[in-house]
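# Survey of secondary and tertiary structure
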Amino acid sequence: MIDKLKNKETKLAVIGLGYVGLPIALEFANDMSVVGFDIKPDRVEMMKNGIDPSNELPKEAFENKDILFTHKLEDLKDVTFFIVAVPTPIDENNNPDLTPVIKASETVGKVLKKGNYVVYESTVYPGATEEDCVPVLEKMSGLKYIEDFKVGFSPERINPGDEIHTLTKIVKVTSGCDAESAENIAQIYETIITAGVHRASSIKVAEASKIIENTQRDVNIALMNELSIIFGKMGINTFEVLEAAGTKWNFLKFFPGLVGGHCIGVDPYYLSHKAKQFGYHPQIIDGGRFVNDSMGGILQN
């Protein structure tokens with residue numbers, strides 16, 4: 001597959017061209033024929049004109065790329081390697097909303113053929129790829145998982161606004177549904193990731209590795225926020241405390257503040273949701289979310 005992609009005998013597609021999907025699509029388009037698919041025609045038109053709707057990439061990033069931007073399903077017919085990079089938000093009750101990734105799976109399933117690969121980059125709880133997405137691919141395509149098509153998971157690690165830790169300079173975690181697919185997926189990503197690839201032992205391990213990245217940050221920030229509340233009541237300057245404590249080499253330098261963005265305030269809810277399905281109610285994760293979600297009101301008061 002990798003030879004056919006590099007020789008442009010077949011195509012790679014990225015489904016979802018937000019701040020995660022677009023950089024990946026453009027990077028692969030240096031050496032492969034790529035189809036960049038997004039459901040919003042207005043966004044597609046912007047990208048055709050070299051404009052990043054997320055305002056992350058300059059116009060030069062679009063130059064000399066073998067890429068077709070489209071919202072039309074028929075343009076995916078020659079694709080053999082699909083990458084799904086759509087949002088995974090939460091609903092008004094802080095429960096995972098898999099609607100975008102399920103819809104994307106339906107889209108891919110309509111054009112999926114024997115021998116094709118589908119790799120998910122969207123952040124999900126462990127098990128979502130095989131338990132929630134694969135059945136949709138099977139239903140829409142009429143094909144059998146592993147027997148007819150392969151699936152993998154390679155969590156996105158895009159750091160928006162960071163001009164140092166860019167896509168190619170961050171180690172990529174990859175995984176597949178069997179040994180063959182795991183190696184093929186790793187090798188395909190190795191064509192663009194100069195920092196190297198970490199081969200996870202399973203799809204669930206790769207899913208879990210991503211979900212704890214932001215959960216860890218959220219919990220550590222929550223601790224700093226709680227300390228700032230305590231020290232505030234004592235009349236102690238929190239930042240002076242952290243400056244003093246930070247003189248020890250192994251002190252973790254997190255700071256109090258509001259938690260927002262696409263990931264840190266969302267991903268812990270995915271892990272908490274899945275944990276509760278297994279009968280465990282996470283105390284630290286949920287507690288961290290409560291503290292961080294409360295900080296806006298605390299700061300106002």
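Not measured: the values here are computed from a predicted model.

### So, the overall build of the protein
- The secondary structure content of the protein amounts to ten helices and eight strands.
- Expected size for 301 residues packed as a compact globule is a radius of gyration near 19 Å; at 21 Å, the protein falls within 12% of this value.
- Projected onto its principal axes, the C-alpha coordinates of the protein cover approximately 65 × 45 × 35 Å.
- Put simply, the protein has 301 residues, and 48% of those count as buried.
- Intrachain contacts of the protein at a sequence separation of at least 6 include 72% that bridge at least 24 residues.
- Of the roughly 15,000 Å² that the protein leaves accessible, carbon and sulfur atoms contribute 53%.

### Points about the pattern of salt bridges
- In total, this model carries 14 salt bridges according to the counting rule given.
- For Asp66, the salt bridge identified is with Lys8, shortest N-O distance 3.0 Å. One end of the pair, Asp66, is in the loop between α3 (41-48) and β3 (67-70); the other, Lys8, is in the loop between α1 (2-6) and β1 (11-15), and 58 residues separate them in sequence.
- Asp66 sits in the partly exposed class, given a relative accessible area of 30%.
- With a closest N to O distance of 2.7 Å, Asp218 and Arg289 form a salt bridge. One end of the pair, Asp218, is in helix α7 (residues 203-234); the other, Arg289, is in helix α10 (residues 283-300), with 71 residues separating them in the sequence.
- Through salt bridges with shared partners, a single ionic network connects Glu131, Lys204 and Lys274.

### Some remarks on the layout of surface pockets
- For the largest pocket, the calculated volume is near 680 Å³.
- Of all the elements, helix α4 (residues 99-111) adds the most residues to the lining of the largest pocket, at four residues.
- Per-class residue counts for the lining of the largest pocket are 14 nonpolar, nine polar and seven charged.
- Estimated volume of the second largest pocket: approximately 460 Å³.
- Around the second largest pocket, the lining comprises 20 residues; the ones closest to its centre are Arg157, Ile158, Asn159, Asn214 and Arg217.
- Per-class residue counts for the lining of the second largest pocket are seven nonpolar, seven polar and six charged.

### What about the packing of α4 against helix α5 (residues 128-141)?
- Where α4 contacts α5, the two axes come as close as 8 Å, and the packing angle between them is 35°. Between α4 and α5 lies a crossing of right-handed hand. Residue-level contacts link Val101, Ile102, Ser105, Glu106, Val108, Gly109 and Lys110 of α4 to Asp132, Cys133, Val136, Leu137, Met140 and Ser141 of α5.
- Looking at the contact of α4 with α5 residue by residue, the class counts come to seven nonpolar, three polar and three charged.

### A short note on the sheet that holds strand β5 (residues 117-120)
- Ordered in space as β3-β2-β1-β4-β5-β6, the six strands form an open sheet in which the pairing is parallel. Either end of the sheet is taken by a strand with one partner, and the two such strands are β3 and β6 (150-153). Sheet twist, expressed as the average angle between the axes of neighbouring strands with direction ignored, equals 20°.
- Bridging between strand β2 (residues 34-37) and β3 involves four bridges; their strand directions are parallel. Residue pairing for β3: Phe37 is matched across the bridge by Thr70.

### Comments concerning the pairing of β2
- Of the two faces of β2, the one carrying Val34 and Gly36 and the one carrying Val35 and Phe37 are both buried.
- Of the strand pairs in this sheet, β1 and β2 are connected by four bridges, and their pairing is parallel. Following the sheet pairing, Ile15 is matched in β2 by Phe37.
- Between the parallel elements β1 and β2, the chain passes through helix α2 (residues 21-28) in a crossover that is right-handed.
- For the crossover from β2 across α3 to β3, the handedness is right-handed.

### Structural notes on the side chain of Thr107
- Here Thr107 lies in helix α4.
- Residue classification places Thr107 among the buried residues on the basis of a relative accessible area of 14%.

### Quick look at unusual backbone geometry
- Of note, Asn55 is a non-glycine position whose phi angle comes to about 60°, a positive value.
- Tracing the sequence through the fold places Asn55 in the loop between α3 and β3.
- Despite not being glycine, Ile146 has its phi angle at roughly 75°, a positive value.
- Position of Ile146 relative to the elements: it lies in the loop between α5 and β6.

Criteria and cut-off values
Per chain, the residues get numbers from 1 upward, laid out in the order the sequence is written. Where totals are concerned, whole chains, interfaces and linings use all residues; where local detail is concerned, this predicted model gives features only for residues with pLDDT of at least 70, and gives and counts side-chain atom pairs only at 80 or more. Values shown for side chains rest on all heavy atoms present in the structure; no hydrogens or waters enter the calculation. Helix and strand definitions follow DSSP, with helices as H or I runs of at least four residues and strands as E runs of at least two, each counted in order from the N terminus. With the radius of gyration taken over C-alpha atoms, the globule rule is written as 2.2 Å times the number of residues to the power 0.38. Only protein chains enter the accessibility calculation, which uses a 1.4 Å probe. A residue is then buried if its area is under 20% of the maximum for its type, exposed if over 50%, and partly exposed in between. Whether two residues are in contact is decided by their heavy atoms, any of which lying within 4.5 Å being enough. Residue exposure ignores everything except the shown protein chains as possible cover, and the areas themselves are Shrake-Rupley values with a 1.4 Å probe. Each reported salt bridge corresponds to a side-chain nitrogen of Lys or Arg within 4 Å of a carboxyl oxygen of Asp or Glu. Here a cavity denotes a set of grid points, spaced 1 Å apart and computed over the protein atoms alone, in which a 1.4 Å probe fits but from which it cannot get out, and a pocket denotes an open set meeting protein on both sides within 12 Å along at least five of seven lines; residues with an atom within 4 Å of a point are reported as lining. Grid points are joined across faces, edges and corners, and a volume is the space filled by probe spheres set on the points. Any residue that is not Ala, Val, Leu, Ile, Met, Phe, Trp, Tyr, Cys, Pro, Asp, Glu, Lys or Arg is counted as polar, Gly included; the first ten are nonpolar and the last four charged. Axis definition: a line fitted to C-alpha atoms, over the contacting stretch in the case of helices. Angles run 0 to 180 degrees between N-to-C directions. Handedness of a crossing is defined here by the sense of rotation of the near helix relative to the far one, left-handed for an anticlockwise turn of less than a right angle and right-handed for a clockwise turn. Pairing between strands requires that DSSP locate at least two bridges from one strand to the other. Consider the strands pointing away from the viewer: the crossover is right-handed when the path from the first strand over the helix to the second runs clockwise.

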